[in-house]
Amino acid sequence: MLYAIDNCGMPAEAVYDCFDEYFPQGDAYKEFALKIFKGVCEKRGEIDSLIAKYAKNWEIDRMATVDRNIIRLAAYEIMDMPATPINVIIDEAVEISKKYSTKDSSKFVNGILDKLKAVRASN
């Protein structure tokens, strides 16, 4: 859903409306996915500022679209979902990047998210 907004220019509302049709899953899955989706959409500016702070020598717009959005969703979880252990968030983001991005993306995603650990520690 984040990819559709970022890469295809779809408005968040349109992506949200399509969610049930394209991702028919159980209620718990839907609720969790929508919480992250809405959270990233609402806090995208703040999330992107944090990513820019920790992604030395990388402009957010120059990151691969898939990587950028994996980092955004994990950053939101780190910032706003304290019940989820940071290591779980990072491991899941790295696994997603291995499956859906380039062979080197997992190292890139892991490196930036590892630096973002400090955000939760400061809250």
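Everything discussed here concerns the structure shown above.
Rules used in this analysis
For every chain, the first residue of its written sequence is number 1, and the numbers climb from 1 along that sequence. Only residues with pLDDT of at least 70 get local features here, since the model is predicted, and only at 80 or more are side-chain atom pairs given and counted; chain-wide, interface and lining totals rely on the full set of residues. Only heavy atoms go into the side-chain values, all of them from the structure, while hydrogens and water stay out. For helices the rule is a DSSP run of H or I covering at least 4 residues; for strands it is a run of E covering at least 2, with both sets numbered from the N terminus onward. Note on exposure labels: buried denotes an accessible area under 20% of the residue type's maximum, exposed denotes more than 50%, and partly exposed covers the range between, all computed with a 1.4 Å probe on protein chains only. Two residues form a contact once any of their heavy atoms are found within 4.5 Å. The term salt bridge refers to a side-chain nitrogen of Lys or Arg lying within 4 Å of a carboxyl oxygen of Asp or Glu. Side-chain atoms within 4.5 Å link the members of a nonpolar core, which is a set of buried Ala, Val, Leu, Ile, Met, Phe, Trp, Tyr and Cys residues. What a helix is expected to span follows from its residue count: subtract one and scale by 1.5 Å. Note on geometry: axes are lines fitted to C-alpha atoms, helical ones only across the stretch in contact, with angles between N-to-C directions running from 0 to 180 degrees. Roughly parallel covers angles under 35 degrees, roughly antiparallel covers those over 145, roughly perpendicular covers 65 to 115, and oblique covers all other angles. All amino acids are sorted into three groups, where Ala, Val, Leu, Ile, Met, Phe, Trp, Tyr, Cys and Pro are nonpolar, Asp, Glu, Lys and Arg are charged, and the leftover types, Gly among them, are polar. Rotating anticlockwise by less than a right angle from the far helix to the near helix defines a left-handed crossing, while the corresponding clockwise rotation defines a right-handed one.

A.B. asks: Is there a simple way to think about the environment of Phe32 in this case?
C.D. replies: The topology assignment puts Phe32 in helix H3 (residues 27–42). Overall, Phe32 belongs to the partly exposed group, its relative accessible area being 40%. For the pair formed by Phe32 and Ala93, sequence separation is 61 residues and the distance between their alpha carbons is 15 Å. Excluding residues that lie within four positions of it along the chain, Phe32 makes contacts with Glu77 and Met81.

A.B. asks: Mind showing me how you'd approach the pattern of salt bridges here?
C.D. replies: In a structure, side chains of opposite charge can pair up when their charged atoms sit close to one another. Enumeration according to the criterion identifies 8 salt bridges in this entry. Salt-bridge contacts for Arg44 lead to Asp6; the nearest nitrogen and oxygen are separated by 3.4 Å. Taken together, the residues span a long stretch of sequence, with Arg44 in helix H4 (residues 44–54) and Asp6 in helix H1 (residues 2–8) at a distance of 38 residues. Two residues, Lys98 and Glu95, come together in a salt bridge whose shortest N-O distance is 3.4 Å. Of this pair, Lys98 and Glu95 both sit in helix H6 (residues 86–100), 3 residues apart, which is roughly one turn of the helix. A single salt-bridge network, built from bridges that share partners, covers Asp6, Arg44, Asp48, Arg68 and Arg72.

A.B. asks: Quick question: what am I supposed to make of the nonpolar core here?
C.D. replies: One broad rule of soluble globular proteins: the nonpolar side chains tend to lie buried together. Formed by 33 residues in total, the largest nonpolar core has its most connected members in Ile47, Ile51, Met63, Ile71, Ile112, Leu113 and Leu116. Contributing elements (two or more residues each) for this core: H1, H3, H4, helix H5 (65–80), H6 and helix H7 (105–122). Leave out the neighbours within four places in its chain, and Ile47 touches Gly39, Val40, Arg72, Ala75, Tyr76 and Met79.

A.B. asks: Explanation requested: H5 in the structure shown.
C.D. replies: Within an α-helix, residues lying three or four positions from one another point in the same direction, as the helix has 3.6 residues per turn. Helix length check: H5 (16 residues) gives 22 Å between terminal C-alpha atoms against 22 Å at 1.5 Å per residue, within 8%. Taking burial as the measure, the 16 residues of H5 include 13 buried ones, the bulk of the element.

A.B. asks: I tried to follow the environment of Ile36 on my own but got confused; where do I start?
C.D. replies: Tracing the backbone through its elements, the reader meets Ile36 in helix H3. Given the relative accessible area of 8%, Ile36 is considered buried. In this structure, the C-alpha to C-alpha distance between Ile36 and Glu77, residues 41 residues apart in sequence, is 7.2 Å. Setting aside residues up to four positions removed in sequence, Ile36 forms contacts with Leu73, Tyr76, Glu77 and Met81.

A.B. asks: Explain the packing of H4 against H5 here, please?
C.D. replies: For any two helices packed against each other, the geometry is given by the interaxial angle and the distance between the axes. One can describe the packing of H4 onto H5 by two numbers: an axis separation of 10 Å at closest approach and a directional angle of 100 degrees. Here H4 lies roughly perpendicular to H5, going by the angle between them. Across the interface between the two elements, Arg44, Glu46, Ile47, Asp48, Leu50 and Ile51 from H4 touch Ile71, Arg72, Ala75, Tyr76 and Met79 from H5. The class makeup of the residues in the contact of H4 with H5 is 7 nonpolar, no polar and 4 charged.

A.B. asks: When you look at the packing of H5 against H6 in this model, what are you seeing that I'm missing?
C.D. replies: Look at H5 against H6: their axes get within 10 Å of each other, and the N-to-C directions meet at 165 degrees. With respect to each other, H5 and H6 are oriented roughly antiparallel. Helix-helix and strand crossings are classified by hand; for H5 and H6 the assignment is right-handed. Each of Val66, Ile70, Ala74, Glu77 and Ile78 in H5 lies in contact with H6, whose residues at this interface are Ile89, Ala93, Ile96, Ser97 and Tyr100. Taken together, the residues that form the contact of H5 with H6 break down as 8 nonpolar, 1 polar and 1 charged.

Purely spatial values, then, with no claim about function.
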